[in-house]
Amino acid sequence: MELTNIHPLLLSFILIVGLILIIVAIGGSFLPVLPGPPLAILPIIGLAVFNLFDFRGFHLFMLVLLCFLVILISILDYLLPVTMSKQYGAGKEGQWGSTLGILVAIFVSTPLGPFAIFVGPFIGALIGEIIAGKPFNEALKAAWGTMIGFLIGSFGKAILCIFILLYYIYLLFYVWP
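The structure presented is a predicted model; accordingly, all values stated were derived computationally and were not measured. (Residues numbered from 1 in each chain as written. Predicted model: local features only at pLDDT ≥ 70, side-chain atom pairs only at ≥ 80, totals over all residues. Heavy atoms only, no water.)

Here the focus is the overall build of the protein chain. In terms of regular secondary structure, the protein chain is built from six helices and zero strands. Reading the protein chain from its N end, one meets helices and strands in the order α-α-α-α-α-α. Against the compact-globule benchmark of 16 Å for 177 residues, the protein chain has a radius of gyration of 20 Å, which places it well outside the compact range. The buried share of the protein chain, reckoned over its 177 residues, is 41%. In the protein chain, of all internal contacts separated by at least 6 residues, the share reaching a separation of at least 24 is 72%. Taken as a whole, the protein chain presents about 10,000 Å² of accessible surface, with 77% of it coming from carbon and sulfur. (Helix = DSSP H or I, 4+ residues; strand = E, 2+ residues; numbered from the N terminus. Rg over C-alpha atoms; globule rule 2.2 N^0.38 Å. Buried < 20%, exposed > 50% of the residue type's maximum accessible area, 1.4 Å probe, protein only. Contact = heavy atoms within 4.5 Å. Areas by Shrake-Rupley, 256 points an atom, 1.4 Å probe, with all protein chains shown as cover.)

Below, the structure is given as structure tokens:
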């Protein structure tokens, strides 16, 4: 089944939903409940599966490269925060506190607004380490390492999602048959 044989209105709807998925994925790069890059690559895989574009040559290379980068960044997203937090002396309590901190930051309206997503993991890790019995200075260092790992992973995912968005727009506006 070729996507180009679908009614133009339905085709437009599908392409817009793909665009929305990628935009949501960019936000999902900072939220642990949404898989950012895997969600962002789905519309491009969909374009390839339904043969909307000629995915040979450069476009096949880009599809394979983007899928590889999504897998790589997803693995790094799990390894980097753990590695950074351990390097700075954080324990499991700090890692759990960081995760709870971001979830609280998402669901609780604060005067910090979107900035709370960056402060939440730090405060959560700090509280987790203090509960674990670490002195304040060690807990502060561990919380800092946990936050750095979270930020590096989140910005890496966001950059990849933005690149996928730009490639999707390129496909729609410059490669469209």
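To continue, consider the layout of surface pockets. Put simply, the largest pocket is a space of about 590 Å³. At the level of elements, α2 (36-49), α3 (58-87), α4 (92-107) and α6 (136-174) are the ones that each hand at least two residues to the lining of the largest pocket. Of the residues forming the lining of the largest pocket, the biggest block, six residues, is contributed by α3. Split by residue class, the lining of the largest pocket holds 12 nonpolar, 11 polar and two charged. (1 Å grid on protein atoms, 1.4 Å probe; cavity = no way out; pocket = protein on both sides within 12 Å on 5 of 7 lines; lining within 4 Å. Points joined across faces, edges and corners; volume = space filled by probe spheres on them. Nonpolar A, V, L, I, M, F, W, Y, C, P; charged D, E, K, R; others polar.)

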